[in-house]
Amino acid sequence: MAHAGGGAGAQAIAASRTLSALEVLALSDCPIGSDGALALARSDTLTRLRTLEVRNCHIVTYLVDELLRPGALPALEQLDVRANPVVGTAFDAAAEALAARGCRAMAW
């Protein structure tokens, strides 16, 4: 499990070749913001990541949209986006799409 703070920390994790075996990433309560969230979703290094916890990280719906991209975090099984502005119909549609690929998403 790795913990990092801020958008720069999330970007460093997303790009790190030494973390390619990482399976659980807990960034809850770190203000990774848009740049950090986008870096994680687009990472070609985090191919074994099974659990991503980004509670209260100041991210918005498009992170979930990025995760729907073909090849995005292919091993992801659980996404926790609670306490972020990811709510309503947009999240519900994204959660259904993630469920179709075997990923459980949580937001409330």
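Structure first, text after, so check above.
The structure contained in this document is the topic of the report that follows. What you see is a predicted model; the values in this text were computed from it and never measured.

What to know about the environment of leucine 40
Here is step 1 of the chain: Within the element layout of this structure, leucine 40 appears in helix α2 (residues 33-41).
Here is step 2 of the chain: For leucine 40, a relative accessible area of 2% gives the class buried.
Here is step 3 of the chain: Here the alpha-carbon distance between leucine 40 and leucine 67, two residues 27 residues apart in the chain, equals 9.1 Å.
Here is step 4 of the chain: For leucine 40, the residues in contact, after removing those within four places along its chain, are Ala10, Ile13, Ala14, Leu25, Leu27, Ile32, Leu46, Leu52 and Leu73.

Focus on the pattern of salt bridges
Here is step 1 of the chain: Counted according to the given criterion, the structure contains 7 salt bridges.
Here is step 2 of the chain: Aspartate 44 serves as the salt-bridge partner of arginine 17, at 3.5 Å between the closest nitrogen and oxygen. You can see arginine 17 sitting in the loop between α1 (6-15) and β1 (24-26) and its partner aspartate 44 sitting in the loop between α2 and β2 (51-53), a full 27 residues away along the chain.
Here is step 3 of the chain: Given a relative accessible area of 57%, arginine 17 falls into the exposed group.
Here is step 4 of the chain: The closest approach of N and O atoms between arginine 55 and aspartate 80, which form a salt bridge, is 3.4 Å. Pair noted here: arginine 55 is in the loop between β2 and α3 (62-67) and aspartate 80 is in strand β3 (residues 78-80), with a separation of 25 residues, a long-range link.
Here is step 5 of the chain: Its relative accessible area of 27% is what places arginine 55 among the partly exposed residues.
Here is step 6 of the chain: Through salt bridges with shared partners, one network takes in Glu53, Arg55, Asp80 and Arg82.

Section: the side chain of serine 43
Here is step 1 of the chain: You can see serine 43 is positioned in the loop between α2 and β2.
Here is step 2 of the chain: In this structure the side chain of serine 43 is engaged in a polar contact, spanning 2.7 Å, whose partner is the backbone oxygen of alanine 14.
Here is step 3 of the chain: Within polar-contact distance, the side chain of serine 43 engages the backbone nitrogen of leucine 46 at 3.2 Å.

Calculation notes
- Residues numbered from 1 in each chain as written.
- Predicted model: local features only at pLDDT ≥ 70, side-chain atom pairs only at ≥ 80, totals over all residues.
- Heavy atoms only, no water.
- Helix = DSSP H or I, 4+ residues; strand = E, 2+ residues; numbered from the N terminus.
- Buried < 20%, exposed > 50% of the residue type's maximum accessible area, 1.4 Å probe, protein only.
- Contact = heavy atoms within 4.5 Å.
- Salt bridge = Lys/Arg side-chain N within 4 Å of Asp/Glu carboxyl O.
- Polar contact = N/O pair within 3.5 Å; in protein donor to acceptor, adjacent residues only side chain to side chain.

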